[in-house]
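# Overview (structure and organization)
Okay, here's what each chain looks like letter by letter:
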Amino acid sequence: MCSSANPDRVIGPRTRIVWFESPINPTLRCVDVKRVADACRARGVMSVIDNTFASPINQQPLAMGVDLAMQSATKYLNGHSDVTGGVVTGSKALVDPIAKARRQLGTVMDPHPAYALGRGLKTLPLRVARHNANADAVAQFLARDKRVTCVFYPGLATHPDHAIAKRQMTGFGGMVCFDLDGSYDRAARVYDRLKIIKRAASLGGVESLISMPVLTSQWGHTDAQLREAGVTRGMLRLSVGLEDPEDVIADLDQALES
Ligand SMILES: Cc1ncc(COP(=O)(O)O)c(C=O)c1O
């Protein structure tokens, strides 16, 4: 689903679940969450959102009428890139059967990651506030820089879904995506020159991580599929960490020289 999609057109007579995300990986386009939730409810369809990019600090989908919200706890909830886990929230009626299946299938977190996740959660609001501020600083820098063709950050007034993001998010998150003229070679050169920002596919940790969508989420996609997803071969997706933002900006600045 993309932000401009009319949910009534996405929902057909055989639809049982609408599963969507906002902001969307990697373009950070935003979907009107309440509009999707309302359309689903009106037709007896279950709505499920992947709220990982926003985190529950920046966006509360259940309050907007979504039935189930899931989060990769691997990302912001834990926040230290050393736990794999997931969380689903919703009404007791919907979550109880999931809990039962989980017990039967054995996908239960063992004590050490559970301890680490519990510890990480204690600083979630503080970390997310800093991720938001750092990402905003990085997005502003990239948006001013002539070497960068386009910057995708929901907090920028130039973002196509800034109005939606402002309505439904209390912070714009730590994820920033930028395009280097659609050029894979340029993006790969910048990617390889970074020193502080680490090359890895995950996100939401204390350290800044960068990935190339065409090597990760959009791996193997045709040109037509990339166009439909709004992704180019020259895009870089950055998870802005908790470092001094000036260090992250200086690293990007030197890498963009390539
Ligand atoms: C938006 C989003 N949801 C879910 C996941 C899956 O997370 P996990 O690593 O916990 O399986 C990812 C992983 O990158 C993600 O980016």
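These numbers were taken from a predicted model, which means no experiment stands behind them.

### Looking at the sheet that holds strand β4 (residues 86-90)
- Pairing is mixed in the open sheet, where four strands are placed in the order β1-β2-β3-β4. The open sheet is flanked by β1 (17-21) and β4, the only strands paired with a single partner. On average, each strand axis in the sheet is inclined to that of its neighbour by 20°, with strand direction left out of account.
- In terms of strand pairing, strand β3 (residues 68-72) meets β4 through five bridges, oriented antiparallel.

### A few points about the state of the cysteines
- All told, the structure shown has zero disulfides when counted by the stated rule.
- Cysteine C150 remains unbridged, with the sulfur of C177 as its closest cysteine sulfur at 8.7 Å.
- We classify C177 as buried; its relative accessible area is 0%.

### Observations concerning the layout of surface pockets
- Within this model, the second largest pocket holds a volume of roughly 320 Å³.
- Taken together, the elements giving at least two residues each to the lining of the second largest pocket come down to β4 and α5 (92-105).
- Residue composition of the lining of the second largest pocket, grouped by class: eight nonpolar, four polar and one charged.

### Quick notes on the sheet that holds strand β9 (residues 235-239)
- One open sheet accounts for five strands, arranged β5-β6-β9-β8-β7; its pairing is mixed. Edge strands, defined here as strands with exactly one partner in the open sheet, are β5 (150-152) and β7 (198-199).
- Taken together, the five bridges between strand β6 (residues 175-179) and β9 define a ladder with antiparallel strand orientation. Looking at the pairing, D179 lines up with M235 of β9.
- Against the sheet, helix α9 (residues 184-193) touches β7, β8 (209-211) and β9, its axis set at about 30° to β9.

### Concerning the side chain of T15
- Structurally, the position occupied by T15 is in the loop between α1 (7-10) and β1.
- Separated by 2.7 Å, the side chain of T15 and the backbone nitrogen of G12 make a polar contact.
- Once residues lying within four places of it in the same chain are set aside, the contact partners of T15 are V10 and V45.

### As for the packing of aromatic side chains
- Across all of its chains, the model carries zero aromatic pairs by this definition.
- Above the plane of the ring of Y191 lies R199, whose end atom (NZ or CZ) is 5.7 Å from the centre.

### Examining the side chain of Q59
- Residue position: Q59 is located in the loop between α3 (55-58) and β3.
- Here Q59 falls in the buried class, since its relative accessible area comes to 0%.
- Looking at Q59, its side chain comes within polar contact range of the side chain of N51, at 2.8 Å.
- Residues within four places of Q59 in sequence aside, it is in contact with S22, V33, I49, N51, A54, M64, Q168 and M169.

### A closer look at the nonpolar core
- Ranked by size, the top nonpolar core spans 44 residues in total, and within it L142, F178, L236 and L252 carry the most contacts.
- When residues of this core are traced back to their parent elements, those giving at least two are α4 (73-77), α7 (124-144), β5, β6, α9, β9 and α11 (245-256).
- If you tally residues by element for this core, the top one is α7, at seven residues.
- Split by domain, this core shows at least three residues from each of two domains, domain 1 (7-121) and domain 2 (124-256).
- For L236, the residues in contact, after removing those within four places along its chain, are V176, C177, F178, L180, A187, V190, Y191, I210, S211, M212 and P213.
- Counting residues in hydrophobic clusters, the runner-up holds 15 residues, among them F20, I24, V36 and V45.

What counts and how
Residues numbered from 1 in each chain as written. Predicted model: local features only at pLDDT ≥ 70, side-chain atom pairs only at ≥ 80, totals over all residues. Heavy atoms only, no water. Pairing = 2+ DSSP bridges. Helix = DSSP H or I, 4+ residues; strand = E, 2+ residues; numbered from the N terminus. Axes fitted to C-alpha atoms, helices over the stretch in contact; angles between N-to-C directions. Disulfide = S-S within 2.5 Å. Buried < 20%, exposed > 50% of the residue type's maximum accessible area, 1.4 Å probe, protein only. 1 Å grid on protein atoms, 1.4 Å probe; cavity = no way out; pocket = protein on both sides within 12 Å on 5 of 7 lines; lining within 4 Å. Points joined across faces, edges and corners; volume = space filled by probe spheres on them. Nonpolar A, V, L, I, M, F, W, Y, C, P; charged D, E, K, R; others polar. Contact = heavy atoms within 4.5 Å. Polar contact = N/O pair within 3.5 Å; in protein donor to acceptor, adjacent residues only side chain to side chain. Phe/Tyr/Trp six-rings, centres within 6.5 Å; stacked < 30°, edge-to-face > 60°. Lys NZ or Arg CZ within 6 Å of the ring centre and 35° of its normal. Core = buried A, V, L, I, M, F, W, Y, C linked by side-chain atoms within 4.5 Å. Domains from an automatic or database assignment.

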